[in-house]
Amino acid sequence: MDPIAQVLNTIFTVEAFLLIFVLVLLKSSVKFVPQNRAWLIERFGKYQSTKEAGLNFIIPFIDRIAADRSLKEQAQDVPSQSAITKDNISLTVDGVLYFRVLDPYKATYGVDDYIFAVTQLSQTTMRSELGKMELDKTFEERDVLNTNIVTSINQAAEPWGIQVLRYEIKDIVPPQSVMEAMEAQMKAERVKRAQILESEGDRQANINVAEGRKQAQVLGAEGEKAEQILRAEGEAKAIIAVAEAQAEALRKVGEAADTEQGQKAIQLDLATKAIAAKEAIARESSIVLLPDNATDASSMVAQGMAIINSLNKKHQG
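Residues numbered from 1 in each chain as written. Predicted model: local features only at pLDDT ≥ 70, side-chain atom pairs only at ≥ 80, totals over all residues. Heavy atoms only, no water.

(A) Region of the structure containing the overall build of the protein chain. When its secondary structure is counted, the protein chain shows eight helices and eight strands. Sequence-distant contacts, at least 24 apart, represent 65% of the contacts inside the protein chain between residues at least 6 apart. Accessible surface, the protein chain as shown: approximately 22400 Å² in total, 58% of it carbon and sulfur. (Helix = DSSP H or I, 4+ residues; strand = E, 2+ residues; numbered from the N terminus. Contact = heavy atoms within 4.5 Å. Areas by Shrake-Rupley, 256 points an atom, 1.4 Å probe, with all protein chains shown as cover.)

(B) Representation of a negative patch on the surface in the model. A grouping of D87, E134, D136 and E140 is seen on the molecular surface, where their side chains present a negatively charged patch. Within the fold, E140 resides in helix α4 (residues 135–140). Looking at E140, the relative accessible area reads 58%, which means it is exposed. (Patch = residues over 30% accessible without salt bridge, like charges linked within 9 Å, V, L, I, M, F, W, Y side chains within 5 Å. Salt bridge = Lys/Arg side-chain N within 4 Å of Asp/Glu carboxyl O. Lys, Arg positive; Asp, Glu negative; His and termini not counted. Charge placed at Lys NZ, Arg CZ, Asp CG, Glu CD. Buried < 20%, exposed > 50% of the residue type's maximum accessible area, 1.4 Å probe, protein only.)

(C) Local environment of the packing of helix α3 (residues 114–130) against helix α5 (residues 142–157). Interaxial distance between α3 and α5 falls to 9 Å at its minimum, and their mutual angle equals 135°. Classified by the angle between their axes, α3 and α5 sit oblique to one another. Our pair here, α3 against α5, has a crossing hand that is right-handed. Residues V118, L121, S122, T125, M126, E129 and L130 of α3 lie in contact with α5, whose contacting residues are L145, N148, I149, S152, I153, A156 and A157. Looking at side-chain class alone, the contact of α3 with α5 contains nine nonpolar, four polar and one charged residues. (Axes fitted to C-alpha atoms, helices over the stretch in contact; angles between N-to-C directions. Parallel < 35°, antiparallel > 145°, perpendicular 65-115°, else oblique. Left-handed = near helix turned anticlockwise from the far one by under 90°. Nonpolar A, V, L, I, M, F, W, Y, C, P; charged D, E, K, R; others polar.)

(D) A look at the sheet that holds strand β5 (residues 63–70). In space, the three strands of this open sheet follow the order β3-β2-β5, with antiparallel pairing throughout. Strand pairing shows two members of the sheet lacking a second neighbour, β3 (46–51) and β5, which therefore form its edges. Strand-to-strand twist of the sheet, defined as the mean angle between neighbouring strand axes without regard to direction, takes the value 25°. Bridge count for strand β2 (residues 37–43) against β5 is seven bridges, and the pairing is antiparallel. Within the sheet, the bridge partner assigned to W39 lies in β5 and is D68. (Pairing = 2+ DSSP bridges.)

(E) Examining the pattern of salt bridges more closely. Tallying each qualifying case throughout the model produces eight salt bridges. The partner of R37 in a salt bridge is D68, and the shortest N-O contact between them spans 3.1 Å. Here R37, found in strand β2, pairs with D68, found in strand β5; they are 31 residues apart in sequence, far enough to count as distant. A salt bridge links D77 to K170; the shortest N-O distance between them is 2.8 Å. Remark: K170 occurs in strand β8 (residues 162–173) and D77 occurs in strand β6 (residues 74–84); sequence separation between them is 93 residues. The class of D77 is partly exposed, set by a relative accessible area of 40%.

Given below as structure tokens:
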């Protein structure tokens, strides 16, 4: 082979090797970090930097990715465990822990396994918080219990770069004997509420009946009052009508008596009444008194007419 060709062939081989080497170095030095993740880079075994999401560069064969940490919120199941309440009741409790990595450096170099550490911490904290509460409070104040657990865990997990967002108790299982006692208590409470509701219904019914009677009496009294008022008004109108009729009758009698024929009629009426009066006295008494003269009736009529004439003269004067 021609020496020149051999040289050219060698040159091409070296260039190809260099090109491949450069491509490999370039590929090894360029790193694309996914969103919500953090890569911790070590150089010669020592922490060098933290690469966040996007395009990043490292030195090949010198830098290495020591840890890949997720920055997303994570949910970790907390295994069931036994806990004793303040009133010495043993409970079996399990829950779910929600947390996220705030500082990838602390989560990597501050603790060996941050997930295991925070899970164990949540278990011990939950036992401690349950020991401060009585059995009834653990069911009634779950939100308070969850909040206290989160606060305690965050205080202890701060050196690890972990933030606990919330803790949820999935289930609290008391002993069978306690459950039976709780069911009996709940049954008694239901019976009590039913009796209270029944008594309240009876009380309201009695009140309604009493109110109805009261209203009926009031309406009856008002009706009787109105009836008496109407009756009195009717009687008053009747008295007024009778008085007006009598006045009209007297007026007409007076008008008639003012005439000659009226005078004669009055004389006749007085004589008739005088005779009738004497007859009545004679029937009622065994002793009859006769007047001094036989013309007593006529004299009485004359006296009556004299009185009428006197009154007429005064009226005309």
